[in-house]
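These are the residues of each chain, in order.
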Amino acid sequence: MRLVVGVSGGSGMPYALSALQALRALNVETHLVVSSGAKRVMTAEGAGPQLPDLVAQAAQVHEDRDLAASVASGSFRTDGMLLIPCSAGTLAKVAHGFADTLLTRAAHVTLKERRPLVLVVREDPLPRPMLVNLLAAHDAGATVMTASPGFYHAPQDVDELLHFVTARVLDQFRLDVPGFRRWREDDPGPAR
């Protein structure tokens, strides 16, 4: 399996690292594109994952300004694209087909080839323009998710919260992340 993983300038780099680590453990070939905004956020967030941490998990890394990279073409076969985190600005570009960087071009190609595109937004509150863009991205064929962990699995630490979001996101690509507890999976419910 081969996925493009885009990282844009929304806060939440631990989500990107968690997804890349899980994909590597699942032997998925990842093509990483990190926006300039994401690089600025990593620096601002300081103690969180940095660019070398993300790069170490990827099979291949592409510069966001390289519009001639393999992932810019629909003839380069992938099984889809994950954008985690997806900033409000990147969401707007994807929703309206503005492909001015490799990240947004790869997302555009993913939609035009009718491959799965999963956008993981991590921003609150959601102003009306962003809500409109979320709907436009959905209508264009993307799956929109929020970085919102569940709590029914009784998480004990931040890593378990990240693991939950990662597992739910990778479910969209039919990938099973080891150790993910699904709702009532081990509970058959009341006897009939």
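Residues numbered from 1 in each chain as written. Predicted model: local features only at pLDDT ≥ 70, side-chain atom pairs only at ≥ 80, totals over all residues. Heavy atoms only, no water.

### Re the UniProt feature "binding site: dimethylallyl phosphate" (unreviewed entry) in the chain
Applied cut-off: UniProt positions are given in the numbering used here, feature names are shortened, and annotations may be inferred rather than shown by experiment. Strands are runs of DSSP state E lasting at least 2 residues, helices are runs of H or I lasting at least 4, and numbering of each runs from the N terminus. When a residue's accessible area, from a 1.4 Å probe over protein chains only, is under 20% of the maximum for its type it is buried; when over 50% it is exposed; and in between it is partly exposed.
As annotated in UniProt, the feature "binding site: dimethylallyl phosphate" (unreviewed entry) corresponds to Tyr152 and Arg168 in the numbering used here. For this annotated set, covering 17 residues, all C-alpha atoms fall within 13.5 Å of each other, a compact arrangement in space. Turning to its location among the elements, Tyr152 is positioned in the loop between β6 (143-146) and α7 (158-171). Owing to a relative accessible area of 35%, Tyr152 belongs among the partly exposed residues under this scheme.

### Topic: the sheet that holds strand β1 (residues 2-7)
How we decide: Strands pair, by our definition, only if DSSP identifies at least two bridges between them. Simply put, an axis is a line fit to the C-alpha atoms, just over the touching stretch for a helix, and the angle between two N-to-C directions goes from 0 to 180 degrees. We call two residues in contact whenever any of their non-hydrogen atoms come within 4.5 Å of each other.
Pairing is parallel in the open sheet, where six strands are placed in the order β3-β2-β1-β4-β5-β6. Of all strands in the sheet, those with a lone pairing partner are β3 (60-63) and β6, marking the two edges. Strand-to-strand twist of the sheet, defined as the mean angle between neighbouring strand axes without regard to direction, takes the value 20 degrees. Bridge analysis of β1 against strand β4 (residues 81-86) gives three bridges, and the strand direction is parallel. Opposite Val4, over in β4, you have Met81 as the bridge partner. Helix α2 (residues 36-45) rests against β1, β2 (29-34) and β3 of the sheet, and its axis sits at about 80 degrees to β2.

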